[in-house]
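# Report on the structure
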Amino acid sequence: EMDEMRQKYGPRSGLEGPFNFTGQVLYYDPKEGAYYDPRTDFYLSAEDMDAVHGRIIEKLQVNQ
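The notes below deal with the structure included here. (Residues numbered from 1 in each chain as written. Predicted model: local features only at pLDDT ≥ 70, side-chain atom pairs only at ≥ 80, totals over all residues. Heavy atoms only, no water.)

## Some remarks on the pattern of salt bridges
Inspection of the entire model under this criterion finds 1 salt bridge. Between R39 and D37 there is a salt bridge whose closest N-O contact spans 3.6 Å. Here D37 falls in the buried class, since its relative accessible area comes to 6%. (Salt bridge = Lys/Arg side-chain N within 4 Å of Asp/Glu carboxyl O. Buried < 20%, exposed > 50% of the residue type's maximum accessible area, 1.4 Å probe, protein only.)

Right, here's the structure in full:
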């Protein structure tokens, strides 16, 4: 799954990643200090990232 994601969402100049957050692919932009969603062409707000982190925590708790 990770290799497939990296082929579809390869490296992008000036961005770190791609990172897979429970199925949502994001890049980190160190200049903006924010995560970028290539599917929407927008940066995620702090509230959006809180929701992403919440989904990760929920998934980890279910898998315990």
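This is not the end of the story, as more comes after the structure.
## A few points about the packing of aromatic side chains
A complete count under the given rule lists 4 aromatic pairs for this structure. On the basis of an interplanar angle of 85° and a centroid distance of 5.5 Å, the ring pair of F21 and Y35 is categorised as edge-to-face. Of this pair, F21 sits in strand β1 (residues 16-21) while Y35 sits in strand β3 (residues 34-37), and the two are 14 residues apart along the sequence. The buried category is assigned to F21, whose relative accessible area is 12%. The class for Y35 is partly exposed, based on a relative accessible area of 22%. Aromatic ring contacts, followed pair by pair, group F19, F21, Y28 and Y35 into a single cluster. (Phe/Tyr/Trp six-rings, centres within 6.5 Å; stacked < 30°, edge-to-face > 60°. Helix = DSSP H or I, 4+ residues; strand = E, 2+ residues; numbered from the N terminus.)

Read these as geometric descriptors, not functional statements.
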